[in-house]
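Structure at a glance
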Amino acid sequence: MSKKVLIMSASTGGGHNRAARAIKEELERKTIDGIPVKCEIVDSLKLVNTTMDKIISRGYEKSAIYTPKAYGRVYRFSETSLVSKNEFKGNLLTSVMAQKFKKLLKDSQPDLIIGTHPFPMIALSTLKKSSHTYKNSTNLGDTFIKHNSSVNVPPMISVLTDYTTHSTWIQNEINYYIVGHEYVKELLVFEGVDSNKVKTFGIPVEKSFLSHRDKETVLNELGLSSDKLTVLLMGGSFGAGNIKETLDELLDIDRDFQILVITGRNESLREKIEKKLASHSHDKNICVLGYTNKMNDILASIDVLITKPGGLTTTEALLKDVPMIVPYYIPGQEEENLDFLSNCGAALRTTKKYTLPVLLKVLIDDSTRLDMLKKNIKSIRKFNSSQNIANLVVEILSPQNNY
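Parameters at a glance
- Residues numbered from 1 in each chain as written.
- Predicted model: local features only at pLDDT ≥ 70, side-chain atom pairs only at ≥ 80, totals over all residues.
- Heavy atoms only, no water.
- Salt bridge = Lys/Arg side-chain N within 4 Å of Asp/Glu carboxyl O.
- Buried < 20%, exposed > 50% of the residue type's maximum accessible area, 1.4 Å probe, protein only.
- Helix = DSSP H or I, 4+ residues; strand = E, 2+ residues; numbered from the N terminus.
- Pairing = 2+ DSSP bridges.
- Contact = heavy atoms within 4.5 Å.
- Axes fitted to C-alpha atoms, helices over the stretch in contact; angles between N-to-C directions.
- Phe/Tyr/Trp six-rings, centres within 6.5 Å; stacked < 30°, edge-to-face > 60°.
- Lys NZ or Arg CZ within 6 Å of the ring centre and 35° of its normal.

- By the naming in an unreviewed UniProt entry, the protein chain is Processive diacylglycerol beta-glucosyltransferase, taken from bioreactor metagenome.

Here's the deal with the pattern of salt bridges
- All chains considered together, the criterion is met by 24 salt bridges.
- In this structure, R29 and E26 form a salt bridge, with 3.4 Å as the shortest nitrogen-oxygen distance.
- Classification of R29 as exposed rests on a relative accessible area of 54%.
- Under the relative-accessibility criterion, E26 is labelled buried at 5%.
- The salt bridge partner of D248 is K276, with a shortest N-O separation of 2.6 Å. In this pair, D248 is assigned in helix α11 (residues 243–251) and K276 in helix α12 (residues 267–279), connecting sequence segments 28 residues apart.
- In this structure, a network of salt bridges that share partners links the residues R18, R21, E206 and E316.

Side note on helix α14 (residues 311–319)
- Among the nine residues that make up α14, nine are buried, leaving the element largely enclosed by the rest of the structure.
- Of all the residues in α14, the buried ones are G311, L312, T313, T314, T315, E316, A317, L318 and L319.

Things to note about the sheet that holds strand β1 (residues 3–9)
- Read across the open sheet, the seven strands follow the order β2-β3-β1-β4-β5-β6-β7; overall the sheet is mixed. Strand pairing shows two members of the sheet lacking a second neighbour, β2 (31–32) and β7 (198–199), which therefore form its edges.
- Inspection of the sheet shows strand β4 (residues 112–115) paired to strand β5 (residues 156–159) by three bridges, in the parallel sense. Considered in β5, the bridge of I113 is made with M156.
- Where helix α18 (residues 385–397) meets the sheet, it contacts β1, β2, β4, β5, β6 (176–178) and β7, and its direction lies at approximately 155° from that of β4.

Here we look at the packing of aromatic side chains
- Summed over all chains, the structure comprises two aromatic pairs.
- Each ring, one from Y183 and one from F340, has its centre 6.3 Å from the other, and the planes form 90°; the classification is edge-to-face. Taken together, the residues Y183 in helix α9 (residues 182–190) and F340 in helix α15 (residues 333–343) connect sequence positions 157 residues apart.
- Here the guanidinium or amino end of R265 rests over the ring plane of Y291, the centre of that ring lying 4.0 Å away.

Structure, rendered in structure tokens:
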């Protein structure tokens, strides 16, 4: 016998699944009154429909690379009253998801559900509402739920994997929200969420990420020097962002530093960069990497990170004390992550006047500037998120609590 926890994720970028794995890792170390905890991670998009999964997750990937402004418009549109969270909860897509989740709940009978993505939590919240809520409704989605709501939905925890909120995250049926910082808590409270429901634990990261090898070993393996200032240029798990143009700017800066470029899973980008470097003269030592699982080592060995501010990237940089310069982002969550970092004094954002070369030259010439950024980072980073989430789950599922 064991306590069963479902962790609902979705493959729309690296952060949701990574956060889910970090939580699972900690939860399965726990027992509740001597009973072990068993966790299952469910990719909610695949659960609903493989074709739909491909459309949504690949659509995100392509929009992140090719049409960030269009993605931003969709994000903002869904924040407006035209697509209110209540309408979104009652639409047919949510109803189809709810039907699938009803079967999942009956099959696995979880004691608690954690969501690292809003989609499944919307459907589950819809299921949790009692059928009388929809008694007088003429909405097709609501009618569907009315006849399919006889299922027990256990306590639910939402884990926000960005340093911002979106209206779709907010559901009355959710017991707790886990957020990355006190600023994000205030955003939720402003939206009407009870402050007692919001825990500022931070965004979960696997324990293995926190350890790393020494800087000299890591840089030498990459063909780089441990004595030079090292700049890492990357664009997230899909290699999105104007990396080629940004690299051109870095190559033209008349300072002595070395560059590590990580292109992620974007192999064509890696090939284009390597071809360009081979055919153009430059005076910088450069290493180009594709996908790597050594980010714990790499982030602990560099001096400046130039990247787009995804939730997981941002969290990992904060945990490793790495100052960021952000020259590009996907409008929407990433733009709001950048707002958070800027307000905390933990990152520099480029503008028309304050270009990447201007910002980087000042950091290279005056090391106290880097120290200031690192001091600010230390004041906002959050360790032990997964452990704190696991402890909260134990507290909720302890026999004396009645949720």
